[in-house]
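# Commentary on secondary and tertiary structure
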Amino acid sequence: MANCSGLGMTMACLVLVISSMIAPTLQFAVFTVGEYRGWILGVDYNAWTKAKNFKVGDNLVFDYPSGHTVDEVFENDYNTCTTGHPITSDNSGSTTIPLLTAGPHYFMSGVVGDCAKGMKLLVNVKAESTTLPSATNTASSLPPASN
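Owing to the predicted nature of the structure, the values given are computational and were not obtained by experimental measurement.

## Thoughts on the overall build of the protein
When helices and strands are tallied, the protein shows three helices and eight strands. For the protein, the N- to C-terminal ordering of α and β elements is α-β-α-β-β-β-α-β-β-β-β. Of the contacts formed within the protein by residues at least 6 apart in sequence, a portion of 69% connects residues at least 24 apart. Carbon and sulfur atoms make up 58% of the accessible area of the protein, which amounts to about 9,000 Å² in all.

## Overview of the packing of aromatic side chains
The tally for this structure, following the rule as stated, stands at six aromatic pairs. With 6.0 Å between their ring centres and 45° between their planes, Trp48 and Phe54 make a pair best called tilted. Taking relative accessible area as the criterion, Phe54 reaches 3% and is therefore assigned buried. A ring pair is formed by Phe62 and Phe107, whose centres lie 5.4 Å apart and whose planes are at 55°; its orientation type is tilted. One end of the pair, Phe62, is in strand S3 (residues 59-63); the other, Phe107, is in strand S7 (residues 103-108), and 45 residues separate them in sequence. Each member of the aromatic cluster is reached from another via a ring pair, and the members are Trp39, Tyr45, Phe62 and Phe107. Of note, Lys120 hangs over the ring of Tyr78, and the distance from its end group to the ring centre comes to 4.5 Å.

## Here we look at the pairing of S3
Inspection of the sheet shows strand S1 (residues 30-32) paired to S3 by three bridges, in the parallel sense. Residue pairing across strands places Thr32 opposite Val61, the latter belonging to S3. Looking at chain direction, S3 and strand S6 (residues 94-98) are connected through five bridges and run antiparallel. In the sheet register, Asp63 faces S6, and the bridge partner there is Ser94.

## Focus: the environment of Ala116
Note on placement: Ala116 falls in the loop between S7 and strand S8 (120-126). The sequence separation of Ala116 and Thr80 amounts to 36 residues, and the corresponding C-alpha distance is 8.5 Å.

## A look at the sheet that holds S6
With mixed pairing, the three strands of this open sheet are ordered in space as S1-S3-S6. Edge positions in the sheet fall to S1 and S6, since each has one partner strand and no second. On average, each strand axis in the sheet is inclined to that of its neighbour by 20°, with strand direction left out of account.

## A few points about the side chain of Asp58
Turning to its location among the elements, Asp58 is positioned in the loop between strand S2 (54-55) and S3. A polar contact of 2.7 Å, which involves the side chain of Asp58, links it to the backbone nitrogen of Ala29. Ignoring any residue separated from it by four or fewer positions in sequence, one finds Asp58 in contact with Gln27, Phe28, Ala29, Phe31, Asn53, Ile97, Pro98 and Leu99.

## Comments concerning the state of the cysteines
A full pass over the atoms with the stated rule returns one disulfide. The disulfide that involves Cys81 links it to Cys115, with 2.1 Å between the sulfurs. Judged by the sign of its S-S torsion, about -65°, the cystine formed by Cys81 and Cys115 is left-handed. Note that Cys81 is positioned in the loop between helix H3 (75-80) and strand S5 (88-90) and Cys115 in the loop between S7 and S8, a separation of 34 residues in sequence.

## As for the nonpolar core
Counting 18 residues, the largest nonpolar core has Trp39, Leu60, Phe62 and Leu121 as the members making the most contacts within it. For this core, the secondary-structure elements that each account for two or more residues are helix H2 (45-50), S3 and S8. Sort the elements by how many residues they give to this core and S8 lands first, with three residues. If we ignore the near neighbours within four places in the chain, the residues touching Leu60 are Phe31, Val33, Trp48, Phe54, Thr95, Thr96, Ile97, Leu99, Phe107, Leu121 and Val123. Membership of the second largest hydrophobic core comes to five residues, among which are Tyr78, Tyr106, Met108 and Cys115.

Thresholds, definitions, all that
- Residues numbered from 1 in each chain as written.
- Predicted model: local features only at pLDDT ≥ 70, side-chain atom pairs only at ≥ 80, totals over all residues.
- Heavy atoms only, no water.
- Helix = DSSP H or I, 4+ residues; strand = E, 2+ residues; numbered from the N terminus.
- Contact = heavy atoms within 4.5 Å.
- Areas by Shrake-Rupley, 256 points an atom, 1.4 Å probe, with all protein chains shown as cover.
- Phe/Tyr/Trp six-rings, centres within 6.5 Å; stacked < 30°, edge-to-face > 60°.
- Buried < 20%, exposed > 50% of the residue type's maximum accessible area, 1.4 Å probe, protein only.
- Lys NZ or Arg CZ within 6 Å of the ring centre and 35° of its normal.
- Pairing = 2+ DSSP bridges.
- Axes fitted to C-alpha atoms, helices over the stretch in contact; angles between N-to-C directions.
- Polar contact = N/O pair within 3.5 Å; in protein donor to acceptor, adjacent residues only side chain to side chain.
- Disulfide = S-S within 2.5 Å.
- Core = buried A, V, L, I, M, F, W, Y, C linked by side-chain atoms within 4.5 Å.

So, in structure tokens, the structure goes:
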């Protein structure tokens, strides 16, 4: 830490220390769907999501071979595996989806039959908490400023 001598420097250091204690640290995760297997048939995506905590600001990365798509869909289309009405769709082979809102997000392959074979994903996204540490007794625990 910097040498904080003199009243001006002491105050500047005090502001720096307090602001670093209360500034929220936002760390966003990048999740590769299906890990090394990617977005393909034969992966249990429900099991894959169980050990994950998705937060607003995180990203999902879908890596997949040609002939597949990543469609974000409405809940009813997800539940019935109905294709043709995506909110968004991509077939580039590598799709990154930023999770911008809390709540459930539904994804499936837009290829007819893939969803019924398990190529669908439900992600429950939690709002990022920005709980700040308590600032009580912070100033009183610091040594008095020297002149």
